[in-house]
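Single-letter residue listing:
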Amino acid sequence: MEVKDLQTYFFTRTGTVKAVDGVSFQLFPGETLGVVGESGCGKTTTARMVLQVETPTAGTIRFHGKDTNQFSGSDRKEYRASVQAVFQDPWSSLNPRMRVGSIIMEPLLTNQPMGKHEAQEQLETLLRDVGLRQAQGDYYPHEFSGGQRQRIAIARALSLRPKLIVLDEPVSALDVSIRAQIMNLLRDLQNQYGVSYLLIAHNLATVRYMSHQVGVMYLGRMVEEAPVRELFTNPSHPYTKALIAASLPSHRTLNVKRSSYLEKFHRR
């Protein structure tokens with residue numbers, strides 16, 4: 001995927017809100033691009049445009065060389081099958097009235113009608129791949145913990161064998177003890193399925209562990225993008241340095257640096 005000069009403006013009576021203001025990045029097969037920044041910087045709006053939930057004001061998204069603005073009906077259907085999502089809250093992202101097996105298989109059966117036996121085999125494979133038992137396909141979402149619900153959401157996203165999954169804060173709503181399990185699962189599934197991830201997060205530790213490339217957003221712009229090791233060991237932009245300093249244990253010298261950087265940016 002190649003995103004170039006993506007913009008989303010919201011027009012109000014008092015002026016124009018530039019939620020995303022010229023974001024560009026590339027995402028390669030089998031890799032993870034982590035997008036990090038403070039709340040309100042435009043991360044989730046960018047993800048919503050990739051998912052075609054929001055319509056860009058300007059800019060282009062190219063997927064396997066095709067401009068999404070020029071998609072035909074069949075192109076759009078294929079794109080939506082190839083780009084799936086896992087959302088932040090595993091409690092509200094699953095239909096409480098559907099059994100887990102139906103939740104996982106609904107996207108596949110809608111897009112690729114198949115026999116009952118084949119569907120059952122696919123379901124068993126997906127449940128096993130995300131660490132759930134076959135019998136749990138007959139349960140309802142309320143019978144699972146938060147971490148197990150997120151596993152269900154991941155299985156649903158994988159059912160269409162997508163090329164890209166947008167992960168919107170996939171572990172922030174989970175207990176700390178469960179987060180590492182879900183992050184390790186996502187990494188294992190990436191290796192197994194060859195899927196790419198667009199990871200939206202505010203936690204730098206999550207981004208550092210999961211990502212190959214990292215983009216830092218501030219006020220709707222991508223102010224820095226670099227390989228994960230380079231960005232964390234040698235950040236070049238002052239705002240990136242401020243974010244990293246803010247995530248470190250409290251220290252008198254670091255606190256001075258952190259406050260000076262944040263004051264400099266928030267005065268703009």
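Here is what the cut-offs are and how they apply
- Residues numbered from 1 in each chain as written.
- Predicted model: local features only at pLDDT ≥ 70, side-chain atom pairs only at ≥ 80, totals over all residues.
- Heavy atoms only, no water.
- Helix = DSSP H or I, 4+ residues; strand = E, 2+ residues; numbered from the N terminus.
- Rg over C-alpha atoms; globule rule 2.2 N^0.38 Å.
- Buried < 20%, exposed > 50% of the residue type's maximum accessible area, 1.4 Å probe, protein only.
- Axes fitted to C-alpha atoms, helices over the stretch in contact; angles between N-to-C directions.
- Parallel < 35°, antiparallel > 145°, perpendicular 65-115°, else oblique.
- Left-handed = near helix turned anticlockwise from the far one by under 90°.
- Contact = heavy atoms within 4.5 Å.
- Pairing = 2+ DSSP bridges.
- Salt bridge = Lys/Arg side-chain N within 4 Å of Asp/Glu carboxyl O.
- Phe/Tyr/Trp six-rings, centres within 6.5 Å; stacked < 30°, edge-to-face > 60°.
- pLDDT = per-residue confidence, 0-100.
- UniProt positions renumbered as here; feature names shortened; annotations may be inferred.
- Core = buried A, V, L, I, M, F, W, Y, C linked by side-chain atoms within 4.5 Å.
- Lys, Arg positive; Asp, Glu negative; His and termini not counted.
- Polar contact = N/O pair within 3.5 Å; in protein donor to acceptor, adjacent residues only side chain to side chain.

Comments concerning the overall build of the protein
Then, number 1: Counting its regular elements, the protein contains 10 helices and 10 strands.
Then, number 2: Over its C-alpha atoms the protein spans a radius of gyration of 20 Å, differing by no more than 12% from the 18 Å that the globule rule assigns to 268 residues.
Then, number 3: Viewed in the frame of its principal axes, the protein has a C-alpha envelope of about 60 × 45 × 35 Å.
Then, number 4: Residue burial in the protein is summarised as follows: out of 268 residues, 46% are buried.

Notes on the packing of helix 5 (residues 146–158) against helix 6 (residues 176–193)
Then, number 1: Between helix 5 and helix 6, whose axes approach to 10 Å, the crossing angle comes to 15 degrees. The angle between helix 5 and helix 6 places the two elements in the roughly parallel class. Considering only the axes of helix 5 and helix 6, their crossing is right-handed. On the side of helix 5, the interface is formed by Gly 147, Gln 150, Arg 151, Ile 154 and Leu 158, while helix 6 contributes Ile 178, Gln 181, Ile 182, Leu 185, Leu 186, Leu 189 and Tyr 193.

Description of the sheet that holds strand 1 (residues 2–12)
Then, number 1: Taken together, the 4 strands give an open sheet; going across it, the order is 2-1-4-5, and neighbouring strands pair in antiparallel fashion. Either end of the sheet is taken by a strand with one partner, and the two such strands are strand 2 (15–26) and strand 5 (66–67).

Some details on the pattern of salt bridges
Then, number 1: Scanning the model with the defined rule gives 3 salt bridges in all.
Then, number 2: Note that Arg 48 and Glu 54 form a salt bridge whose closest N and O atoms lie 3.3 Å from each other.
Then, number 3: On the accessibility criterion, Arg 48 (35% relative accessible area) is partly exposed.
Then, number 4: Judged by relative accessible area, Glu 54 falls into the partly exposed class, the value being 22%.
Then, number 5: A salt bridge links Lys 66 to Asp 75; the shortest N-O distance between them is 3.5 Å.

Things to note about unusual backbone geometry
Then, number 1: For Gln 52, which is not glycine, the phi torsion reads 65 degrees and is therefore positive.
Then, number 2: Inspection of the secondary structure puts Gln 52 in the loop between helix 1 (43–50) and strand 4 (58–63).

Some points on the sheet that holds strand 3 (residues 32–36)
Then, number 1: Read from one edge of the open sheet, 6 strands run 6-7-8-3-9-10, paired in mixed fashion. Of all strands in the sheet, those with a lone pairing partner are strand 6 (83–86) and strand 10 (221–227), marking the two edges. Here the strands of the sheet are splayed against their neighbours by 20 degrees on average, with no regard to which way each runs.
Then, number 2: As paired elements, strand 7 (residues 164–168) and strand 8 (residues 196–201) share 5 bridges and run parallel to each other.

Looking at the packing of aromatic side chains
Then, number 1: A complete count under the given rule lists 4 aromatic pairs for this structure.
Then, number 2: For the pair Tyr 139 and Phe 144, a centre-to-centre distance of 5.8 Å together with 45 degrees between the ring planes defines the contact as tilted.
Then, number 3: Using a relative accessible area of 5% as the deciding quantity, one classes Phe 144 as buried.
Then, number 4: Considering the side-chain rings of Tyr 218 and Tyr 239, the 4.5 Å spacing of their centres and the 45 degrees angle between planes classify their relative orientation as tilted. Of this pair, Tyr 218 sits in strand 9 (residues 213–218) while Tyr 239 sits in helix 9 (residues 238–247), and the two are 21 residues apart along the sequence. Neither residue differs from the other here; Tyr 218 and Tyr 239 are each classed as buried.
Then, number 5: Cluster of aromatic residues (ring-pair linked, three or more members): Phe 63, Phe 71 and Tyr 79.

Describing the confidence of the model for the protein
Then, number 1: Taken as a whole, the protein shows an average pLDDT of 90; of its residues, 92% reach a score of 70 or greater.
Then, number 2: A low-confidence stretch, residues 250–259 (pLDDT under 50), is modelled with 5 contacts involving residues beyond four sequence positions or located in other chains.

A few points about the UniProt feature "domain: ABC transporter" (unreviewed entry) in the protein
Then, number 1: In the numbering used here, UniProt assigns the "domain: ABC transporter" (unreviewed entry) feature to residues 1–244.
Then, number 2: Measuring from the first to the last C-alpha atom of residues 1–244 gives 27 Å, for a span that is 39% helix and 26% strand.

Let's talk about the nonpolar core
Then, number 1: Judged by nonpolar contacts, the single largest core of 49 residues is most densely connected at Ile 104, Ile 152, Ile 154, Ile 165, Leu 167 and Tyr 197.
Then, number 2: Per element, the largest residue contribution to this core is 6 residues, and it comes from helix 5.
Then, number 3: Dropping the residues within four chain positions of it, Tyr 197 is found in contact with Leu 27, Glu 31, Thr 32, Leu 33, Leu 164, Ile 165, Leu 167, Leu 186, Leu 189, Gln 190 and Met 210.

Section: the side chain of Asp 67
Then, number 1: Along the chain, Asp 67 turns up in strand 5.
Then, number 2: Buried charge without a salt bridge: Asp 67, with Arg 62 as the nearest opposite-charge side chain at an N-O distance of 4.4 Å.
Then, number 3: From its side chain, Asp 67 meets the backbone nitrogen of Asn 69 in a polar contact 2.9 Å long.
Then, number 4: Those residues in contact with Asp 67 that sit more than four places away from it in its chain are Thr 60, Ile 61 and Arg 62.

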